[in-house]
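This is what each chain is made of:
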Amino acid sequence: MDEYIRRLVSEYSQLQYFIILDIVKKPSVDIAEISINLSSKDGASINISDFVSIINKINSDYIELDKLDQLVGDGDHGSTIYKGITVAKQLYLNNLTSPLDETMAIISKQMRIEMGGASGILMSIFFDESGKIDKSNLNSSIIDIFEKSIDKIMKRGKVKAGDKSILDIYIPVLNFLKKNSDFQFKKNEINEILSLSLAKTKEMEAQVGRAKFLENRGLGFIDPGAKSTEIILREYFESLL
Amino acid sequence: MKKIINNKDQIVDDMLSGYIKANSDRVKFSNNSKRIILRSHPKNIEKTAMLIGNGSGHEPIAMGWVGEGLLDANVVGDIFAAPSGDLIFEGIQIFKENSGCILLISNHAGDVMNGEMAIELAKECEQSALSADERICNSDGASFDSFTGFKVYGNSHGQLVGYPSSRHSLSCVMIASEGDDMERDYAYTVNRDFSLLDSAENVGLAASKEVLSRLQPQTIATGKVPVLFRADIANTIWGHFIAAISGGNLYRKSSFLLDALGNDIFPEFLNISERPHITKALASSAFDSEGVLTKDREIITDGALQTYLLTSYSARKLGLSTTGHAGGIHNWLVNAKGHDGEFDAMLKTLGTGLLVTELMGQGVNVVNGDYSRGASGFWVENGEIAYPVSEITIAGNLADMFKGIVAVGSDVDMRGSIRTGSVLIDEMQVAGH
C-alpha cells in the first residue's frame, strides 16, 4: 500500500498542471485513465512531457525554499507549500467531475487549512481565483484573476507593493499583462519579469510578517513567499500560454 | 538526547495526544477536531468563553493556559504557523450557544489574518441567517458535528475486519415571525468529506428561506387530492417500505407485505437498486453489522419485489439466508425512468394538489399498511406553489400509495441512505377544516 501511494504521488506529480490546463473539464476521467495519460510520454490526449508541474518543481525546490526561509523566517516555508500543493493535487483528483471553479474553491479552502499561517491564507487566494478562468475570454479573465487576487491579498494581509511579500511578484506580472494585449505570445518576457521581480525583493526591507523584525538585516535575501509564488506563476504561464 | 520524533509530518498531532493523555484531568480534545483543545470540565454556560488560536512549537504556551480559571479552548496550528481561520471558526462554533466569546490573537501576521478571518466567518454565519429578511427574528442555534473513527467487527468465528469512516454535518434552525404567526424551520448539510460540506452561509440562507416560506399558513378543505412528497422527506415513504420487507416484521407476521417476493408492489416504471460500495456515500459499508459481506442488489425491478431484507437471525426464522441487512440498508438508488423530472416539472405534473414538506407523528401501521400522519407544506395550483398549509392530516394505505406512485423526481436528495427525488402519489385523503 505504501509503495502504491508513493508511486501515485510521483506519477501524479504533474497533476497540478491539470488544474490549470483543464479549462474545459472532461465529464469523467478516472484515476486509471489519468495514470495512462501521465505515463505515456508521447501523451495521447495531453502532452505531459511539455509541462513541468508546479508540484514537481515545489517537490524539488522545497528544501531550497526551507533554507531560504531559515535566513529570514522560521525555516519551513518550503515544507508548508509542499504540504498545500500535495493536498491540492489529491483534492483535484477527487473532484474531477465538478466544475473547475467549484473544485478550485474546495482546493483553496483545504490548502488554507493544511498550510495554516500567513502563507496558507494568502497563497490560497490565487488558487481560488484561478478557477474562474474563462477560455472564451482568456486574456481578460487572466487579468481579472490577477486583479482580484491582488486586491484580496492586500486586504487580508494589510500589505502593499514594496513590502517584500508575494505581492511583489503578482503586481509586476499584472502590470505587464495589462500593458500587453498580446501577452500570450510573450511567455519569455513574463518569465523575465518573474525573475527580475524576485531579485528585486532582495533590495527590500520587509514591512510585514516575521521577517519585518530583521529590519535591514534581511537586505540581500529574497523573500521565500515571493520565491514560491514565482515558481507557481512560472508553471502557471508555462501551461497556459 | 533532546527529543524523539516518530514522523516529521505527525509531530504536532503526536505531541498533542501525548499532552492530552498526560493532562486528562485538565484538558481534552474537542469532538470535532484533534487540533482544538478544551478544558475537560466544561465551563459554566454563563461565563463568556475565551479561546486562543496559535501555532505550536512554544509549548506549554498556549495549551497550558487551558483549564479552570483561564482559557476554555486552544486551537492549535502547525509548528510556528497559525491555525487557519476555518479551524478557529470551528473553535468559536463550540461556544455559540454560550454567553459570547472572546478570541485572543497573538500578534503575528498569520495569527492576525486567520483570527480576523475566523471572526468574519462567525459573523457571516449569524448574519446570513439573521439579515436575510426582517421577518427572521432569531436563530434557534446552529450545530456542527464531526466524526472520524475506525469501525472494527470481530466474532468468535475468527472474523476480524474493519474500515475507517468519517461524517461531518452542519445545521441551522431559524425562527421567523409575521403578525401573530411564528414559524421555525431548519436546513443542514452532511458529507463524509469535510471539504464538500456546504458553506455555513448557504445553510443559514437555506434555513431562512425555508422558514420564511412557511409564514402565514392556511388549512385546506378535506378531500382527496394528489400529494407530492418533497425529496427531503420522500425517504420516509421508502422507510415504511423497508420496515415492511424487513425480516423481523416478516417472521413475526406483522407486515402487510408477507409472501410478497416477486409481486408487483410498485408501478412498472419503478426500480430500486442497492449499491453498498459507493465512495463517500452515507450508507456505504463493506459488511453489515454482523460482518456479512454486502453486495450490489436489486430491491425492486420493474415494480416487483426482488428480495427481503434479512439478518442472520430473521433469515433462520424464515428458513432463508441472510441478505446482509443487519443494521440497515446500504445506499438505495430510486429510479423511475420516463416518469421523473426536476422539482418544477414535478409540480407541473402534480397540477393542483398538496406538496408535503414536513411530517409529524407516527401514524403508520406496518401490519395492515394504514397510513395517517400530520403534515404541513404548500398548496399547489396549476403547477405553481400558491400558499403554505399546516395543521392537516394525510391518510391512505401504504399498499395503495406504493401502487399509486405517478412519478419520482430527478431532484435527488443525496444527504441520506436513500437517494430519492420527490415522490408524487396520485391520490390521498387530506383532512383539513
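Given the structure is predicted, the values throughout are model-derived calculations rather than measurements. (Residues numbered from 1 in each chain as written. Chains lettered and ligands numbered in written order. Predicted model: local features only at pLDDT ≥ 70, side-chain atom pairs only at ≥ 80, totals over all residues. Heavy atoms only, no water.)

Trainee: How should unusual backbone geometry be read in this particular structure?
Mentor: Glycine aside, residues mostly have negative phi angles, and peptide bonds mostly take the trans form. For the peptide bond that leads from B:Glu59 to B:Pro60, omega is 10°, which places it in the cis range. Turning to its location among the elements, B:Pro60 is positioned in the loop between strand E3 (49-56) and strand E4 (73-79). With an omega of -5°, the peptide bond running from B:Ile61 to B:Ala62 counts as cis. Position of B:Ala62 among the secondary structure elements: in the loop between E3 and E4. The phi dihedral of A:Glu215 is positive, around 50°, even though this residue is not glycine. Of note, A:Glu215 is situated in the loop between helix H10 (187-200) and helix H11 (224-240). The phi angle at B:Asn331 is positive, at roughly 50°, despite the residue not being glycine. (Helix = DSSP H or I, 4+ residues; strand = E, 2+ residues; numbered from the N terminus.)

Trainee: In this structure, what is going on with the pairing of E3(B)? I would like to understand it.
Mentor: One face of the sheet, then the other: side chains in a regular strand alternate in exactly this way. All names here are of chain B. Most of E3 sits inside the fold, with seven of its eight residues counted as buried. The pairing of E3 with strand E5 (residues 101-105) spans five bridges and is parallel. Bridge assignment links Ile52 to a residue of E5, and that residue is Leu104. Relative to E4, E3 is paired through five bridges, and the arrangement is parallel. Residue pairing for E4: Asn54 is matched across the bridge by Val76. (Buried < 20%, exposed > 50% of the residue type's maximum accessible area, 1.4 Å probe, protein only. Pairing = 2+ DSSP bridges.)

Trainee: Hey, could you run me through the side chain of B:Ser285 in this one?
Mentor: All names here are of chain B. Its location among the elements puts Ser285 in the loop between strand E10 (270-274) and strand E11 (297-301). Here Phe287 takes part through its backbone oxygen, which lies 3.3 Å from a polar atom of the side chain of Ser285. Contacts of Ser285, omitting those with residues within four sequence positions, involve Tyr163, Pro276, His277, Thr294 and His330. (Polar contact = N/O pair within 3.5 Å; in protein donor to acceptor, adjacent residues only side chain to side chain. Contact = heavy atoms within 4.5 Å.)

Trainee: Mind showing me how you'd approach the packing of aromatic side chains here?
Mentor: The relative placement of two aromatic rings is captured by the distance of their centres and the angle of their planes. Residue and element names in this part refer to chain A. On inspection of all chains with the given rule, the structure shows 19 aromatic pairs over all chains. Geometrically, the ring pair formed by Phe126 and Phe127 is edge-to-face, given 6.4 Å between the ring centres and 85° between the ring planes. Like Phe126, the residue Phe127 is buried in the burial classification. Among the aromatic residues, ring-to-ring pairing joins Phe126, Phe127, Phe146, Tyr170, Tyr236 and Phe237 into one connected group. (Phe/Tyr/Trp six-rings, centres within 6.5 Å; stacked < 30°, edge-to-face > 60°.)

Trainee: Looking at this structure, how should I read the side chain of A:Glu230?
Mentor: Residue and element names in this part refer to chain A. Note that Glu230 resides in helix H11. Exposure remark for Glu230: the relative accessible area of 5% places this residue in the buried category. Excluding its chain neighbours within four sequence positions, the residues that come into contact with Glu230 are Ile169, Leu194, Ser195 and Leu198.

Trainee: Would you explain helix H6 (residues 100-115) of chain A in this entry?
Mentor: Because an α-helix completes one turn every 3.6 residues, residues spaced three or four positions apart along the sequence face the same direction. Here H6(A) contains 16 residues, and its C-alpha end-to-end distance of 22 Å stays within 8% of the 22 Å for a straight helix at 1.5 Å per residue. Three or more residues of H6(A) are buried, namely A:Leu100, A:Thr103, A:Met104, A:Ile106, A:Ile107, A:Ser108, A:Gln110, A:Met111, A:Arg112 and A:Met115. (Expected span 1.5 Å × (residues − 1).)

Trainee: Even after reading the chapter, I still don't get the sheet that holds strand E8 (residues 181-191) of chain B, so can you show me in this structure?
Mentor: Remark on secondary structure: sheet strands pair via backbone hydrogen bonds, oriented parallel or antiparallel. All names here are of chain B. The strand order E6-E7-E8 describes an open sheet built from three strands, whose pairing is antiparallel. In this open sheet, the two edge strands, each paired with only one partner strand, are strand E6 (136-154) and E8. Ignoring strand direction, the axes of neighbouring strands in this sheet form an average angle of 15°. Pairing geometry for E6 and strand E7 (residues 160-178), over 16 bridges, is antiparallel. By the bridge assignment, Gly154 is partnered in E7 with Leu160. Packed on one face of the sheet, helix H4 (residues 200-213) meets E6, E7 and E8 and runs near 50° to E7. (Axes fitted to C-alpha atoms, helices over the stretch in contact; angles between N-to-C directions.)

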